[in-house]
Amino acid sequence: MKPAAFDYVAPGTVDEAVAALAGAGERASILAGGQSLILEMHYRRARPDLVVDINGVRGLDRLRVDGGALHVGALVRHEAFDAFDAFESPLVAPGPLGRLLSLVVVNIAHPPIRALGTMAGSLAWAHPAAEWCAVAVTLDADVELRGPGGTRTVGAGDYFHGPHRTARLPQEMITAVRLPLLDDVTGVAFAEHRRTHASFAQLAAVVTLTVLDGVITEARVGLANAADRPVRAHAAERSLVGSSPLDDDLFGRAGRIAAEHDADPVARPYADVEYQRQVVTVLVGRALRQAYADHGGARR
Ligand SMILES: Cc1cc2nc3c(=O)[nH]c(=O)nc-3n(C[C@H](O)[C@H](O)[C@H](O)COP(=O)(O)OP(=O)(O)OC[C@H]3O[C@@H](n4cnc5c(N)ncnc54)[C@H](O)[C@@H]3O)c2cc1C
């Protein structure tokens, strides 16, 4: 099928883009990488009257570190994070955050899609299985939104409301995603289960782990596709903090807690709820062990 007819504008500034959105409201869609929008338009599940192509907006492709956070402009493509840690520069020196982003990005689709798709577009699209959405929730990222009334920031924990539903208003665009830098001694890991290479995650776990003097002082666990939106596994995190990582079965137990108390899986034709809980148990346990190993590597 081909898209329904639509008008097209290509603003050169954020203000022009926001003005275009304000004029058309819910009938307008921003075009960033187009890797979800164009597909939806072809199937006519999306029928915007106006497409606001932001690819010519100056400055949105910037990636910079400022105020303890990595600022990811709305036109930074997924592929910018490929081997991110290997190309650390004085401008972008993200340490464990860079390691985490480069671990995650290779799980998103395949290279041609990563060359065009954007992190901000993923957060705008808000697919429950999207890896960047789970990362944003795990790290308490901030989503920067610009609308006719100015700029506001929404924490990732409040941003996702359900499949393809977020706190973003139709007249607002995401201008940047701000990811907090992680302490140098923090270990990071990502574990994903999917049916075929490059398909969306059936389930995935994002983990950061900080261990000081043999005790876990901070644990962050986030889950993709384990509910109708990305979720933090707070119960699992609580079970870890204050414990020794050498405690017998600590990570396996945290996995079971995440599966029972934090995940809220939706039954799917190929995966019932019980199966999904088992996968969450395995992925969280595995990611915690990997993060602990990464923590050791970070300290050497
Ligand atoms: C075959 C295939 C496999 C894929 N596999 C994965 C996968 O494994 N994991 C994954 O996470 N994704 C996957 N994707 C989706 C891909 O990551 C998209 O790039 C991403 O979901 C959307 O980013 P985009 O920049 O392409 O946004 P677009 O497609 O341009 O836009 C998507 C939606 O977000 C809105 N939007 C975009 N940018 C903004 C903004 N700055 N402000 C406000 N609204 C905005 C658009 O209006 C639209 O509604 C896959 C896509 C394909 C085609």
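On a predicted model such as this, the values are computed, not experimentally measured, just so you know. Each chain has its residues counted from 1, following the order in which its sequence is written. Two thresholds apply to this predicted model, a pLDDT of at least 70 for residue-level local features and 80 or more for giving and counting side-chain atom pairs, whereas whole-chain, interface and lining totals are computed over all residues. Hydrogens and water are ignored here; the side-chain numbers use all heavy atoms of the structure.

> Hey, could you go over the sheet that holds strand E11 (residues 186–194) for me, with residue numbers and the actual values?
Read across the open sheet, the four strands follow the order E11-E12-E13-E14; overall the sheet is antiparallel. Of all the strands in the sheet, just E11 and strand E14 (231–232) have a single pairing partner and so form its edges. A contact between two residues is defined here by any heavy atoms of the two lying within 4.5 Å. Angular values range over 0 to 180 degrees, each being the angle between N-to-C directions of two axes fitted as lines to C-alpha atoms, with helices fitted over their stretch in contact. Secondary structure elements are taken from DSSP: a helix is a run of H or I of four residues or more, a strand is a run of E of two residues or more, and numbering for both begins at the N terminus. The strands touched by helix H6 (residues 131–139) are E11, strand E12 (201–212), strand E13 (215–224) and E14; relative to E13, the strand with the most contacts, the crossing angle is about 150°. Strands were regarded as paired on the criterion that DSSP finds at least two bridges between them.

> Break down helix H3 (residues 96–105) for me, with residues and values.
Most of H3 sits inside the fold, with eight of its ten residues counted as buried. The cut-offs for exposure are 20% and 50% of the maximum accessible area for each residue type, with area from a 1.4 Å probe on protein chains only; residues under the lower value are buried, those over the upper are exposed, and the others partly exposed. Of all the positions in H3, only Pro96, Leu97, Gly98, Leu100, Leu101, Ser102, Val104 and Val105 are classed as buried. In the core, the buried residues of H3 are packed alongside strand E5 (69–73), helix H4 (111–116), H6, strand E10 (173–180), E11 and E12.

> Account for the nonpolar core, naming residues and giving values.
Nonpolar side chains tend toward joint burial in soluble globular proteins. In plain words, nonpolar cores are sets of buried Ala, Val, Leu, Ile, Met, Phe, Trp, Tyr and Cys residues tied together by side-chain atoms within 4.5 Å. Core analysis: the biggest nonpolar cluster contains 58 residues, and Ile54, Val72, Phe81, Leu123, Trp132, Val177 and Leu179 have the highest contact counts within it. No other element matches the seven residues that H6 contributes to this core. Setting aside chain neighbours within four positions, we find Leu123 in contact with Trp132, Cys133, Ala136, Val143, Tyr159, Phe160, Thr166, Ile174 and Val177. Listed in part, the 30 residues of the second largest apolar core include Leu209, Val211, Ala226 and Ala259.

> Quick rundown of the domain arrangement of the protein? Include the residues and the values.
According to the domain assignment, the protein contains domain 1 (7–53), domain 2 (63–179) and domain 3 (187–299). Relative placement of domain 2 and domain 3: their C-alpha centres are 20 Å apart. Contact with domain 2, which involves 24 residues of that partner, is made by 24 residues of domain 3. What gets called buried area is simply the loss in accessible area from a 1.4 Å probe that two parts show on being joined, summed for both. Interface area, domain 2 with domain 3, both sides summed: about 2100 Å², of which 64% is carbon and sulfur. Boundary definitions for the domains trace back to an automatic or database domain assignment.

> Tell me about the site of the ligand, and please be specific about residues and values.
If even one non-hydrogen atom of a residue comes within 4 Å of a molecule or strand, that residue is called near it. In the neighbourhood of the ligand, 29 residues make up the surrounding shell, with Ile30, Gly34, Leu37, Thr118 and Glu131 lying closest. Any pair of nitrogen or oxygen atoms within 3.5 Å is treated as a polar contact; in protein, a donor-acceptor pairing is required on top of that, and neighbouring residues in sequence qualify only through side-chain atoms on both sides. Interatomic distance of 2.9 Å between a backbone N/O atom of Gly33 and an oxygen atom of the ligand. Within the backbone of Gly34, a nitrogen or oxygen atom sits 2.7 Å from an oxygen atom of the ligand. Exposure was quantified through the Shrake-Rupley algorithm and a 1.4 Å probe, taking into account, for residues, occlusion by the shown protein chains and nothing else. Here the ligand has 960 Å² of accessible area as a free molecule, and 90% of this is covered by the chains. Counting only elements with at least two residues in the shell around the ligand, the list comes to strand E2 (28–31), helix H5 (119–125) and E10. Counting residues per element, the shell around the ligand draws most heavily on H5, which supplies four residues. All residues other than Ala, Val, Leu, Ile, Met, Phe, Trp, Tyr, Cys, Pro, Asp, Glu, Lys and Arg, Gly among them, are scored as polar; the first ten of these are nonpolar and the last four charged. For the shell around the ligand, a count of residues per class yields 15 nonpolar, twelve polar and two charged. Two domains each donate at least three residues to the shell around the ligand, and these are domain 1 (7–53) and domain 2 (63–179).

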